[in-house]
Structure formats: C-alpha cells, structure tokens
Amino acid sequence: FQLYGYCYQDSNDIPDTLTTITELGSPLEMIQLLQTSWEDRFRICLSLVRLLHYLAHSPLGSVTLLDFRPRQFVIVDGELKVTDLDDASIEESSCTSNSDCFMEFPARNFTLPCSVEGRCQSMNEKRNLYNAYRFFFTYLLPHSAPSSLRPLLDKIVNATGNLNKHGNAKYFLFYPSPSVNSEFTQKCVKSANAKYKRVPEAFIPDENYRCWPSYHHKGCLLSVFDVNEAIEICDSYSQCKAFVLTNQTTWTGRQLVFFKMASNHIMPDPDKITYVKVTD
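Residues numbered from 1 in each chain as written. Predicted model: local features only at pLDDT ≥ 70, side-chain atom pairs only at ≥ 80, totals over all residues. Heavy atoms only, no water.

The protein carries the name PKDCC kinase in an unreviewed UniProt entry, which gives Anhinga anhinga as its organism.

Here is the structure:
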C-alpha cells in the first residue's frame, strides 16, 4: 500500500498515536468481483501473489497477516493491496517437535516440520498462502476461466490448497506473470473457416445482446487472442450472427471484440473490422 505521509502524536489526550496518509482504494466486495471478467480477477490474484512473495521475503523477515480476510484489502487501479497491518507479525512459532507446528483451519489442518533451530519452518508463509487460497484463489481463479487455462489453474489451486512443494509464493506457478501470459495468450486450436465474411473498416453500431461476463453493460464485449477465438465464441452463442474487432486491448494484450445478433446496419469505421456469419 502506498504511503504518502504520516504524523506521530504524543500528548496527554492521545499518547503514542501514529496517523498515516495512504492512497485511496475501493473496498473489496467478493460478489462484485465474481461478476467481473476473468482477466480482471486474474489480475487481482496476480497482485496477491506479488504481495505473498513480498511478505515471505520482506526486509523484516517472513511476515504473516493474522487477520487475512477480504475486508483487510482494497482495490487500487485493478490491483489488490492490503490496508490493515495491525495484525501483522514477524514471529515464527517456536517448537520442540513437529506436533508443535500445527496449523488449524476450518476445512483442514496442517503440521509443518520443526527446524533444528526450534522454529516451525515457513509457518508465516504457509499461513498466508492457505488463507489466500481459501479466501481468494478458490473463488476468483477457476470461475469462468478460459478453457485452455483450466488444467493449469486447477494445478495452481490444488498446489496452494495442499501446501505441497510448489505451494508457496516463491515457486507459485504463475509468478512472475510472463509464464502465465504466454499460456493465457496461446492460440485456439480451432481454425478460421468460410463461415464468416470479413468486412474491413466497418462497424455494427446496434444489434447488441447481453452476455456474461462482459466489459460493456449493454452489450457483449469480450476479449480474444485472435479471430479464431472470436469465431469460437460467436459459434457458442445461438444469438451471435456477427462480431466486430476493435483496436482496444485489455491489460494482458488481448483484443476487445463486440459480438452482435445481426448485421443489418453496417457503418464505416477505419478502426474496426467486422465479421459476419454466412448463412446457409
């Protein structure tokens, strides 16, 4: 979280008080997040992974958030940031045996190894990771994800939920982002065919229908890697009879496409390309 300033106050009325000025964020509402596009939710998860990595390797050592819940986070420009650090701790639990390194959660429990130094190994990091899994990853990652990514996402979610050898922020499977962006932007297997007529420099202003999730509340605006994926999406909607490639892209570089239920009124537009489904 970006800190812009702070003021320390020590008076008879308010002793030992620290006031901070930070960037403004929007409260995190999980229901609203589930209604956004998968790319936006992926971006939030990616920012959370970066936070987990920093907490595990901070200048103070491994930091755990004892109250790791959605209400402790805000959204700033599409990125997830922690806003409440009152319950942060850098103390790794002491132990004499593995049984002392017991982590209990509502759904399952874990026992971590006790090191020769008498500390539970990576307990702070593992606690953060499992809380990120149960509060964020399990909801935001698989839901309406691209079909080509689902096997990878299942592997990620299972790894974090099981805290296995890959289940930590250092070896997290989509950190840093380029490894997933290459998977995310892979081409669809389906090839373009003669079912669609290409109309360059053209746009369909009306003939909208609603789909979910959409970047436009009054129409069906989705992101695609290329024309092949747009064809695959249009074929999956019975009402889709045409689509329009725009010159706009998402934060991952995918192209935004309007899907239309008819092509009766086509207008010139130098920045767009329209594909119309050819009727039999």
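J.: Can you help me understand the overall build of the protein in this one?
T.: Looking only at helices and strands, the protein features six helices and 14 strands. Partitioning the intrachain contacts of the protein with sequence separation of at least 6 by distance along the chain shows that 63% fall at a separation of at least 24. A total of about 15500 Å² of accessible surface is found on the protein, and carbon and sulfur atoms cover 50% of it. (Helix = DSSP H or I, 4+ residues; strand = E, 2+ residues; numbered from the N terminus. Contact = heavy atoms within 4.5 Å. Areas by Shrake-Rupley, 256 points an atom, 1.4 Å probe, with all protein chains shown as cover.)

J.: Looking at this structure, I do not really get the packing of helix α3 (residues 123–140) against helix α4 (residues 150–162). What am I missing?
T.: For any two helices packed against each other, the geometry is given by the interaxial angle and the distance between the axes. Following both chains from N to C, one finds α3 and α4 inclined at 135°, their axes separated by 8 Å at the closest point. Of the possible angle classes, the one that applies to α3 and α4 is oblique. Crossing of α3 over α4 shows left-handed handedness. Residues L129, Y130, Y133 and F137 of α3 form the contact with α4, whose own contacting residues are V157, T160 and G161. In the contact of α3 with α4, the residues fall into five nonpolar, two polar and no charged. (Axes fitted to C-alpha atoms, helices over the stretch in contact; angles between N-to-C directions. Parallel < 35°, antiparallel > 145°, perpendicular 65-115°, else oblique. Left-handed = near helix turned anticlockwise from the far one by under 90°. Nonpolar A, V, L, I, M, F, W, Y, C, P; charged D, E, K, R; others polar.)

J.: Please explain the state of the cysteines as it appears in this structure.
T.: A disulfide bridge is the covalent bond that connects two cysteines by way of their sulfur atoms. A complete count under the given rule lists four disulfides for this structure. The residue that forms a disulfide with C101 is C120, at a sulfur-sulfur distance of 2.1 Å. For the disulfide bridge between C101 and C120, the dihedral angle about the S-S bond is near -90°, and by the sign convention the bridge is left-handed. Of this pair, C101 sits in the loop between β7 (88–89) and β8 (102–104) while C120 sits in the loop between β9 (109–111) and α3, and the two are 19 residues apart along the sequence. Exposure remark for C120: the relative accessible area of 2% places this residue in the buried category. Through a disulfide, C211 is tied to C220; the S-S separation comes to 2.0 Å. Between C211 and C220 the sulfur-sulfur dihedral comes to about 90°; the bridge is accordingly right-handed. Judged by relative accessible area, which is 13%, C211 ranks as buried. Given the relative accessible area of 0%, C220 is considered buried. (Disulfide = S-S within 2.5 Å. Buried < 20%, exposed > 50% of the residue type's maximum accessible area, 1.4 Å probe, protein only.)

J.: So what exactly am I meant to see when it comes to the packing of aromatic side chains here?
T.: Describing an aromatic ring pair means giving the distance of the ring centres and the angle of the ring planes. Per the counting criterion, the structure on display carries 14 aromatic pairs. Both rings, one in F68 and one in F73, keep their centres 5.2 Å apart while their planes meet at 55°; by these two values the pair is tilted. Neither residue differs from the other here; F68 and F73 are each classed as buried. Each ring, one from F73 and one from F136, has its centre 5.4 Å from the other, and the planes form 80°; the classification is edge-to-face. Here F136 lies in helix α3 and F73 lies in strand β5 (residues 73–76), a separation of 63 residues in the sequence. (Phe/Tyr/Trp six-rings, centres within 6.5 Å; stacked < 30°, edge-to-face > 60°.)

J.: Would you mind showing me how to read helix α2 (residues 38–56) here?
T.: For α2, built from 19 residues, the straight-helix expectation of 27 Å at 1.5 Å per residue is met to within 8% by its first-to-last C-alpha distance of 27 Å. Counting buried positions along α2 gives 14 out of 19 residues, so the element sits mostly inside the fold. (Expected span 1.5 Å × (residues − 1).)

J.: Please clarify how the sheet that holds strand β12 (residues 242–249) should be interpreted in this entry.
T.: In a beta sheet, neighbouring strands are held together by backbone hydrogen bonds and run either parallel or antiparallel to one another. If you walk across this open sheet you meet the five strands as β10-β14-β12-β13-β11, and the pairing is antiparallel. Only two strands of the sheet have a single partner each, and these edge strands are β10 (196–203) and β11 (220–224). Strand-to-strand twist in this sheet, taken as the mean axis angle between neighbours without regard to direction, amounts to 30°. (Pairing = 2+ DSSP bridges.)

J.: Looking at this model, I keep getting lost on the nonpolar core. Mind explaining?
T.: In summary, soluble globular proteins display a tendency toward joint burial of nonpolar side chains. Membership of the largest hydrophobic core comes to 44 residues, with the highest contact counts inside it found for L48, F73, F136 and F137. For this core, the elements supplying multiple residues, two or more each, are α1 (30–34), α2, β5, β6 (79–82), α3 and α4. In this view, F73 contacts L28, L48, L51, L65, F68, L80, K81, V82, T83 and F136; residues no more than four positions away in its chain are not counted. Judged by nonpolar contacts, the second largest core, of 16 residues, contains L222, V224, C234 and V257. (Core = buried A, V, L, I, M, F, W, Y, C linked by side-chain atoms within 4.5 Å.)

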